[in-house]
Amino acid sequence: MIGHRWCRHCGKDYSYEGYSVNIMTFCPHCLRFDHLECEYGYGHIVPCQILLGEQPIGVIHISDGHYHLESLYLDINIVLKDTGIKALEEAEKIVSQALQEKYREQNK
């Protein structure tokens, strides 16, 4: 699925392409969480692909009955405390913080 968005924070446009019906996008310009497409209420909400514009940077999935957040890009591999839609919200906060930290480190 190919999508096009204008970031709700900075207003810049970007494209994204996801392999899942559940997608969390972050703006590649301002690095902020911008959009969540999810089958909440209709079907499974995981796996949920995490994208920084067109770049896949992580995934949320269930393993052993627990929600996991994995991102090689951000060096994250954790079990989330929450479940369901709350797990996606928890992951969004973790990824947002990690993106900001990565940006600060790269621009020192």
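Novice: What is the right way to look at the sheet that holds strand β5 (residues 48–52) in this model?
Specialist: What links the strands of a sheet is backbone hydrogen bonding, and the strands pair in either a parallel or an antiparallel sense. Judged by pairing direction, the sheet is mixed, and its 6 strands sit side by side in the order β4-β3-β5-β6-β7-β8 without closing on themselves. Of all the strands in the sheet, the pair left with one neighbour each is β4 (33–37) and β8 (76–79). Going from strand to strand, the sheet's axes swing by 15° on average, the running direction of each strand aside. This element, helix α1 (residues 84–106), spans β3 (23–26), β4, β5, β6 (55–63), β7 (66–71) and β8 of the sheet and lies at about 25° to β3.

Novice: I tried to follow the pairing of β6 on my own but got confused; where do I start?
Specialist: Regular strands have side chains that alternate between both faces of the sheet. With 5 bridges joining them, β5 and β6 adopt antiparallel strand pairing. Paired with Cys48 across the two strands is Ile60, which belongs to β6. Once β5 ends, the chain turns through 2 residues before running back antiparallel as β6, passing Gly53 with a positive phi of about 65°. Alignment of β6 against β7, held across 5 bridges, turns out to be antiparallel. Within β7, the position partnered with Ser63 by the bridge is His66. Where β6 hands over to β7, the hairpin turn is made up of 2 residues, of which Asp64 adopts a positive phi near 55°.

What counts and how
- Residues numbered from 1 in each chain as written.
- Predicted model: local features only at pLDDT ≥ 70, side-chain atom pairs only at ≥ 80, totals over all residues.
- Heavy atoms only, no water.
- Pairing = 2+ DSSP bridges.
- Helix = DSSP H or I, 4+ residues; strand = E, 2+ residues; numbered from the N terminus.
- Axes fitted to C-alpha atoms, helices over the stretch in contact; angles between N-to-C directions.
- Contact = heavy atoms within 4.5 Å.

Treat this as a map of the structure, not an account of what it does.
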